[in-house]
Amino acid sequence: MASDVQSNETQQLGEELPQPSVGWSEPPSIRFLGAAGTVTGSRYLVTAGQDRVLVDCGLFQGPRELRERNWVEIPHAAEAVDAVLLTHAHLDHSGYLPRLVRNGWSGQVFCTDATADLCRLLLPDSGYLQEKDADYSNRRRSSRHHPALPLYTEDDAWSALEHFSPVSPGDDVELSDNLRFRFRRAGHILGASFLELTAGGTKITFSGDLGRYDDPVMCDPEIPGATDYLVVESTYGDRLHEKVDPQEILGELIEKCTGRGGTVVIPAFAVGRAQTLLYHLSRLKAAGRLSNVPVYLDSPMAIDASEIMCSHRSEHRLGPEQCRAACNVAHYIREVEESKQISRDPMPKVIVSASGMATGGRVVHHLMQYAPDPRSLVLFAGYQAAGTRGAAMLGGAPTIRIYGETIPVRAEVASLPMLSGHADANEIMRWLRGFPQPPRMTFVTHGEPESSEALRQRIAEELGWACKVPLQGQKMFLA
């Protein structure tokens with residue numbers, strides 16, 4: 001019931017909340033340090049007695065006001081957090097870990113084997129890109145800060161990876177007398193899980209990012225068990241994915257663009273969307289389409305992630321031959337000079353490159369080349385958070401800013417939202433209906449304000465559950 005949750009209003013991240021009065025034994029609590037009022041920066045601080053764990057440790061991404069939150073250290077001394085429990089590898093869930101370790105934290109990071117493998121790609125790459133972006137900004141003098149500094153380095157990321165302790169989905173792990181947990185498969189990407197955490201006898205389920213049902217690549221989310229409290233994502237809480245064949249639309253868009261002599265640039269998340277795109281492109285090639293259109297995968301991390309997919313067969317639906325076909329459909333581009341060569345090549349082609357929201361990485365250099373070309377197509381294949389270049393381009397922005405330069409957008413801009421790895425509103429509701437009984441309280445997070453509020457209303461009206469949308473920094477006692 002709603003009365004089971006006591007709330008302290010939002011505080012600044014660096015401030016401590018008022019302590020309970022003397023003689024009162026504090027119940028378990030959750031403090032929403034990220035993914036509250038936004039779709040990024042997933043971080044939840046769970047306290048039970050003297051034990052503290054972070055569920056997810058993600059980067060804030062998107063507009064400057066969100067990115068600047070990454071420079072505000074989390075509350076409590078870093079060494080007071082006993083462990084980090086990662087639901088999956090995407091940077092908005094894992095990307096703050098190197099900063100945490102850089103600041104002196106020395107606990108364990110628990111996640112699934114596949115998540116650990118993917119983090120070995122994502123985190124060092126993130127550190128490397130942040131170093132390179134800072135260096136580029138300093139050379140171009142395009143930053144407000146002099147000198148521009150990276151949030152963390154590639155070496156910091158490798159240090160963070162030394163703290164990882166992979167566990168198998170379904171295994172019960174005891175952290176202390178007060179805390180135990182297990183991961184359950186959530187679909188979405190390799191290794192993605194929802195988390196069942198028992199804190200001081202109170203069970204809390206964190207959805208992480210839920211995947212799609214009947215996805216051609218990833219398995220369905222597992223059916224959840226009973227829980228006292230629930231934290232559920234709402235990325236697509238106010239939207240439904242179109243019931244169309246993404247492969248057919250992908251083929252038609254590529255054929256139309258290359259037929260007029262253009263290049264298709266697909267900003268794609270290196271982990272998840274890139275592999276799904278390769279699968280659909282391999283099926284199109286097998287059907288005799290796109291026979292004269294070269295496909296380039298210009299992301300070393302996406303290349304490695306595609307190979308990891310074939311080593312984690314239990315995490316997806318593809319057989320060995322389908323995995324090999326997907327991996328072999330593209331020419332792999334690892335070196336920077338090769339990337340520059342394909343960008344300069346005037347021949348029609350498909351370039352799949354990270355990052356998925358066009359916030360950094362090699363894809364921004366391809367956008368500098370092809371966004372001004374009216375023959376070309378920029379095709380987005382996943383969620384575009386507010387304030388990102390991807391969201392701006394889909395919103396019809398006539399120009400974008402890249403490394404301090406104004407780039408005109410004359411290319412066709414389109415999206416394939418049905419390729420998203422996130423459950424839509426109906427699929428989230430389907431997963432929620434799997435709970436055998438209502439939680440005492442459901443907290444709706446990880447969504448833009450409109451999405452979170454829309455999902456909260458559906459849960460309240462259709463399921464009759466008590467439901468809240470927490471604020472950034474808010475602390476909830478789980479009485």
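Residues numbered from 1 in each chain as written. Predicted model: local features only at pLDDT ≥ 70, side-chain atom pairs only at ≥ 80, totals over all residues. Heavy atoms only, no water.

### Some thoughts on the packing of aromatic side chains
And step 1. Inspection of every chain in the model, using the stated rule, returns 9 aromatic pairs.
And step 2. Within the aromatic cluster, the residues linked to one another by ring pairs are Phe32, Tyr44, Phe206 and Phe443.
And step 3. Lying across the ring of Tyr96, Arg43 places its NZ or CZ 3.9 Å from the centre.
And step 4. The ring of Tyr213 has Arg430 lying over it, and the distance from NZ or CZ to the ring centre is 3.8 Å. (Phe/Tyr/Trp six-rings, centres within 6.5 Å; stacked < 30°, edge-to-face > 60°. Lys NZ or Arg CZ within 6 Å of the ring centre and 35° of its normal.)

### Notes on the nonpolar core
And step 1. Counting 76 residues, the largest nonpolar core has Phe164 and Ile266 as the members making the most contacts within it.
And step 2. In terms of residues, this core owes the most to one element, helix α4 (residues 113-140), which gives 7 residues.
And step 3. Ignoring sequence-local partners within four residues, the contact set of Phe164 consists of Leu86, Leu97, Val109, Cys111, Ala116, Cys119 and Leu123.
And step 4. Counting 28 residues, the second-largest nonpolar core is a separate cluster that includes Ile30, Tyr229, Val231 and Met476. (Core = buried A, V, L, I, M, F, W, Y, C linked by side-chain atoms within 4.5 Å. Buried < 20%, exposed > 50% of the residue type's maximum accessible area, 1.4 Å probe, protein only. Helix = DSSP H or I, 4+ residues; strand = E, 2+ residues; numbered from the N terminus. Contact = heavy atoms within 4.5 Å.)

### Here's the deal with empty space enclosed by the protein
And step 1. Taken as a whole, this structure holds 4 cavities of 30 Å³ or more when the rule is applied.
And step 2. Surrounding the largest cavity, 13 residues form its lining, Ile189, Leu190, Met218, Gly272 and Gln275 being those nearest its centre.
And step 3. Those elements giving two or more residues to the lining of the largest cavity turn out to be α7 (273-286) and α8 (300-311).
And step 4. Considering every element that reaches the lining of the largest cavity, the biggest residue donor is α7, with 3 residues.
And step 5. Volume-wise, the second largest cavity comes out at about 80 Å³.
And step 6. In this structure, the second largest cavity is lined by 14 residues; those nearest its centre are Ser42, Tyr44, Ser207, Gly208 and Thr445.
And step 7. Contributing elements (two or more residues each) for the lining of the second largest cavity: β4 (51-57) and β12 (229-233).
And step 8. It is β12 that contributes the most residues to the lining of the second largest cavity, 3 residues altogether. (1 Å grid on protein atoms, 1.4 Å probe; cavity = no way out; pocket = protein on both sides within 12 Å on 5 of 7 lines; lining within 4 Å. Points joined across faces, edges and corners; volume = space filled by probe spheres on them.)

### Re the sheet that holds strand β14 (residues 295-298)
And step 1. Within the open sheet, the 6 strands sit side by side as β15-β14-β16-β13-β17-β20. Their pairing is parallel. The open sheet has two edge strands, β15 (331-332) and β20 (412-415), and neither has a second partner.
And step 2. Strand direction decides the pairing type here: strand β13 (residues 263-267) and strand β17 (residues 377-380), joined by 2 bridges, are parallel. Its bridge partner being in β17, Val264 is matched across the sheet by Leu377.
And step 3. Contacting β13, β16 (349-353), β17 and β20, helix α6 (residues 246-259) runs over the sheet at an angle of about 140 degrees to β13. (Pairing = 2+ DSSP bridges. Axes fitted to C-alpha atoms, helices over the stretch in contact; angles between N-to-C directions.)

### Examining unusual backbone geometry
And step 1. Cis geometry marks the peptide bond from Ala354 to Ser355, where omega comes out at 15 degrees.
And step 2. By the element assignment, Ser355 lies in the loop between β16 and α11 (363-370).
And step 3. If you check the backbone angles, Asp56 has positive phi at about 70 degrees while not being a glycine.
And step 4. With respect to the helices, strands and loops of the structure, Asp56 is situated in strand β4.
And step 5. A positive phi angle, near 60 degrees, is found at Asp214, a position not held by glycine.
And step 6. Secondary-structure assignment places Asp214 in the loop between β11 (202-206) and β12.
And step 7. Overall, the relative accessible area of 60% leaves Asp214 in the exposed class.

### Topic: the sheet that holds strand β21 (residues 441-445)
And step 1. If you walk across this open sheet you meet the 7 strands as β8-β9-β10-β11-β12-β21-β22, and the pairing is mixed. The strands lining the two open edges of the sheet, one partner per strand, are β8 (173-174) and β22 (467-468).
And step 2. Bridge analysis of β8 against strand β9 (residues 179-185) gives 2 bridges, and the strand direction is antiparallel. Bridged to Glu174 within β9 is Arg180.
And step 3. In the packing of helix α13 (residues 425-432) onto the sheet, the strands contacted are β10 (193-199), β11 and β12, and the crossing angle to β12 comes to about 160 degrees.
And step 4. Sheet contacts for helix α14 (residues 449-463): β12, β21 and β22; angle to β21, the most-contacted strand, approximately 155 degrees.

### Thoughts on the side chain of Thr198
And step 1. Its location among the elements puts Thr198 in strand β10.
And step 2. If sequence neighbours within four positions are ignored, Thr198 has contacts with Asn178, Leu179, Arg180 and Lys203.

### Brief notes about the environment of Lys349
And step 1. Within the fold, Lys349 resides in strand β16.
And step 2. According to the relative accessible area criterion, Lys349 is buried, its value standing at 1%.
And step 3. Sequence separation of Lys349 and Arg67 is 282 residues, and the distance between their C-alpha atoms is 33 Å.
And step 4. With near-sequence residues (within four places) excluded, Lys349 lies in contact with Thr258, Gly262, Thr263, Val264, Val293, Pro294, Tyr296, Ile342 and Tyr370.
And step 5. Side-chain polar atoms of Lys349 contact the side chain of Thr263, separated by 3.0 Å. (Polar contact = N/O pair within 3.5 Å; in protein donor to acceptor, adjacent residues only side chain to side chain.)

### Digging into α4
Structurally, the α-helix is built with 3.6 residues per turn, so residues lying three or four positions apart point the same way.
And step 1. Here α4 is 28 residues long and its end C-alpha atoms lie 41 Å apart, about the 40 Å a rise of 1.5 Å per residue gives.
And step 2. Approximately 30 degrees is the largest bend angle found in α4, and it occurs at Cys119. (Expected span 1.5 Å × (residues − 1). Bend = angle between axes of the 7 residues up to and from the residue.)

### A closer look at the confidence of the model for the protein
Reading predicted coordinates in detail is not appropriate for stretches of low pLDDT.
And step 1. Summary statistics for the protein give a mean pLDDT of 90 and a share of 93% for residues scoring 70 or more.
And step 2. For residues 1-24, every residue scores under 50 in pLDDT, and the model assigns this stretch 56 contacts once sequence neighbours within four places are set aside. (pLDDT = per-residue confidence, 0-100.)

### A look at helix α5 (residues 154-161)
And step 1. Those residues of α5 that sit buried are Asp156, Ala157, Ala160 and Leu161. Projected down its long axis, α5 carries its buried residues within an arc of 140 degrees, all on one side.
And step 2. Where α5 is buried, its residues meet α3 (97-102), α4 and β7 (164-167). (Arc of directions from axis to C-beta.)

### Some thoughts on the pattern of salt bridges
And step 1. According to the stated counting rule, one finds 24 salt bridges in the structure shown.
And step 2. Between Glu255 and Arg289 there is a salt bridge; the shortest N-O distance is 2.9 Å. In this pair, Glu255 sits in helix α6 while Arg289 sits in the loop between α7 and β14, placing the two residues 34 residues apart along the sequence.
And step 3. The class for Glu255 is partly exposed, based on a relative accessible area of 32%.
And step 4. A residue is classified by how much of its surface remains accessible, and Arg289, at 19% relative accessible area, is buried.
And step 5. Here Arg433 and Glu462 are joined by a salt bridge, their closest N and O atoms 2.8 Å apart. Highlighted residues: Arg433 in the loop between α13 and β21 and Glu462 in helix α14, separated in sequence by 29 residues.
And step 6. Where salt bridges share partners, they join Arg182, Arg184, Glu196, Lys203 and Glu222 into one cluster. (Salt bridge = Lys/Arg side-chain N within 4 Å of Asp/Glu carboxyl O.)

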